[in-house]
Amino acid sequence: MFNDTVEGMDIKDIARPLDGVGVSAFLRELPARPLLLGLGEARHFVGELGELRNEIFRHLVEHEGYRSFAIESDCLRGLVVDDYLATGAGTLDHVMERGFSHGFGAAPANRDLVQWMRAYNEKHDEKLRFYGFDGPLEYWAESPRQALTGLYALLDGPLPRTVVTGETLDTLLGPDDRWSNEATAMDPSQSIGRSADAQRLRLIADDLVALLDTQTPQLNAKDGELAALYARTATGLLRYHYWMADTSPARWTRLSALRDAMMAANLRAIAEHGPALVFASNLHLQRNKTVMPFGDQSLEWWSAGAITSTHLGDRYAFLASALGTAGDDTPPPDTVEGILSTLPWDQALIDARRLAEAIPNPAPRISHDFAYFPLDHARLDMIDGVVFLKKAVNLGKLG
């Protein structure tokens, strides 16, 4: 039977209660001040984790100089939230409905966060920023219309018309629903990603991005940032749609890798406004390859965190979350989560690398909740810290 002493080491010696003091102490122990601090989700829609995330972000803002928050949500929809934080225009209900993808706008913790960030901005000259860093996609993808037409509108003078006219661009894009057809996720034949129109749009997007490079000096900071976002998103979406039409066995590996590459490109841009707290699935923020069963396949691709860490080095830090008892799913006592459940605190922050040394051969946790991804003991040495919640009751449904 395991208890709180493992291999001669008291687990409490490598853990601390998770509060503001603990978070600041953790940051001081890192080799460098991170531009991006990733807080991973072992499972989406855990109410207690969302509330804890909000507490951590408030502390980071008030005591560590953080001014940006990023979430695994549509990067273009995120503009709606960021504009609301800056101007207060519109209603909170509208922002939560239109500013998030994947159903994240319905999460109470996200609503509370947006309210708090807006209230902070009303009282302070130095404003908080909000970013989505996912592409406008899930398993299927949105139309590239907003990104392409937005980029086109920000380019100035006669040169954009030498690439394409607005009328031709609109014709090539056609109805948005032919792009955002959810059936394409499982049926490549329904994708228009390799149609003549889509192929021409890829060339046009490339030319517009090259044109942006020549016009960057004449754009103000806000327009330049927006144009760069549109450029990344337009080329990324068209590339994703191209591979949606692929029929090879590598299709889903390629699509998964492209999605995380789009995330990583957005994260590098957000890092320029860092330090920022980044909130997303552990699988997207981890430094190692993601491995996921998919039907009769096993997909492997480099995560957004791995790509970002390659670029930022020790200016990227990653806290993976883990849950003890989640609903009616309790971890066996000889798993990592079972051992961490012996800690005296409901919420704890653990040194992940020392944890790997302290627990050399734990049993793997097999969760009954398909949405929960247990800690991989073999990868603990690639994590800076573990945010552990002993018990989670408020579990929202996925999909």
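Thresholds, definitions, all that
- Residues numbered from 1 in each chain as written.
- Predicted model: local features only at pLDDT ≥ 70, side-chain atom pairs only at ≥ 80, totals over all residues.
- Heavy atoms only, no water.
- Helix = DSSP H or I, 4+ residues; strand = E, 2+ residues; numbered from the N terminus.
- Buried < 20%, exposed > 50% of the residue type's maximum accessible area, 1.4 Å probe, protein only.
- Axes fitted to C-alpha atoms, helices over the stretch in contact; angles between N-to-C directions.
- Parallel < 35°, antiparallel > 145°, perpendicular 65-115°, else oblique.
- Left-handed = near helix turned anticlockwise from the far one by under 90°.
- Contact = heavy atoms within 4.5 Å.
- Nonpolar A, V, L, I, M, F, W, Y, C, P; charged D, E, K, R; others polar.
- Salt bridge = Lys/Arg side-chain N within 4 Å of Asp/Glu carboxyl O.
- Core = buried A, V, L, I, M, F, W, Y, C linked by side-chain atoms within 4.5 Å.

1. A look at unusual backbone geometry
Of note, the bond from Gly274 into Pro275 is cis; its omega dihedral lies within 30 degrees of zero at 5°. Note on placement: Pro275 falls in the loop between helix H11 (251–271) and strand S7 (276–281). Backbone geometry places Phe45, a non-glycine residue, at a positive phi of 60°. Looking at the element boundaries, Phe45 is found in the loop between strand S4 (36–41) and helix H2 (47–64). We classify Phe45 as partly exposed; its relative accessible area is 22%. Not every positive phi belongs to a glycine, and His102 is a case in point at roughly 60°. Note on placement: His102 falls in the loop between helix H4 (92–98) and helix H5 (108–123). Using a relative accessible area of 24% as the deciding quantity, one classes His102 as partly exposed.

2. Things to note about the packing of helix H8 (residues 166–173) against helix H9 (residues 196–215)
Orientation of H8 relative to H9, taken along the N-to-C sense of each, is 135°, at an axis distance of 9 Å. By the criterion of interaxial angle, the relationship of H8 to H9 is oblique. At the point where H8 passes H9, the crossing takes the left-handed sense. Between H8, through Thr168, Leu169, Leu172 and Leu173, and H9, the contact on the second element is made entirely by Asp197, Arg200, Leu201 and Ile204. Considered class by class, the residues forming the contact of H8 with H9 number five nonpolar, one polar and two charged.

3. Structural notes on the environment of Phe26
Within the secondary structure, Phe26 sits in helix H1 (residues 20–29). Each C-alpha atom, one on Phe26 and one on Glu300, is 31 Å from the other, the two residues being 274 residues apart in sequence. Sequence-distant contacts of Phe26, defined by excluding residues within four places in its chain, comprise Arg16, Leu37, Leu319, Leu349, Asp384 and Gly385.

4. Some words on the pattern of salt bridges
It is possible for side chains of opposite charge to pair when their charged atoms get near one another. Considering all chains together, one arrives at 20 salt bridges under this definition. Between Arg67 and Glu126 there is a salt bridge whose closest N-O contact spans 3.6 Å. Here the residue Arg67 occupies a position in the loop between H2 and strand S5 (68–74), and Glu126 occupies one in the loop between H5 and strand S6 (129–134), the gap between them amounting to 59 residues. Residue Arg365 pairs with Asp329 through a salt bridge whose shortest N-O separation is 3.6 Å. Placement of Arg365 in the loop between helix H15 (352–358) and strand S12 (385–392) and of Asp329 in the loop between strand S10 (316–326) and helix H14 (336–340) is noted, with a sequence separation of 36 residues between them. Taking relative accessible area as the criterion, Arg365 reaches 7% and is therefore assigned buried. One connected set of salt bridges, linked through shared partners, spans Glu72, Asp134 and Arg259.

5. Section: the nonpolar core
Counting residues in each nonpolar core, the largest one holds 82 residues, and the members touching the most others are Ile350 and Leu355. Ranked by residues supplied to this core, first place goes to S10 with eight residues. Among all residues touching Leu355, those that are not within four sequence positions of it are Ile11, Ile14, Val336, Leu340, Ile350, Leu380 and Val386. Leu76, Leu173, Leu219 and Leu229 belong to the second largest nonpolar core, which has 28 residues in total.

6. Let's talk about the environment of Val80
Mapped onto the fold, Val80 is located in helix H3 (residues 78–87). Judged by relative accessible area, which is 28%, Val80 ranks as partly exposed. In this structure, the C-alpha to C-alpha distance between Val80 and Val95, residues 15 residues apart in sequence, is 6.4 Å. Apart from residues lying up to four places away in sequence, Val80 is in contact with Val95, Arg98 and Gly99.

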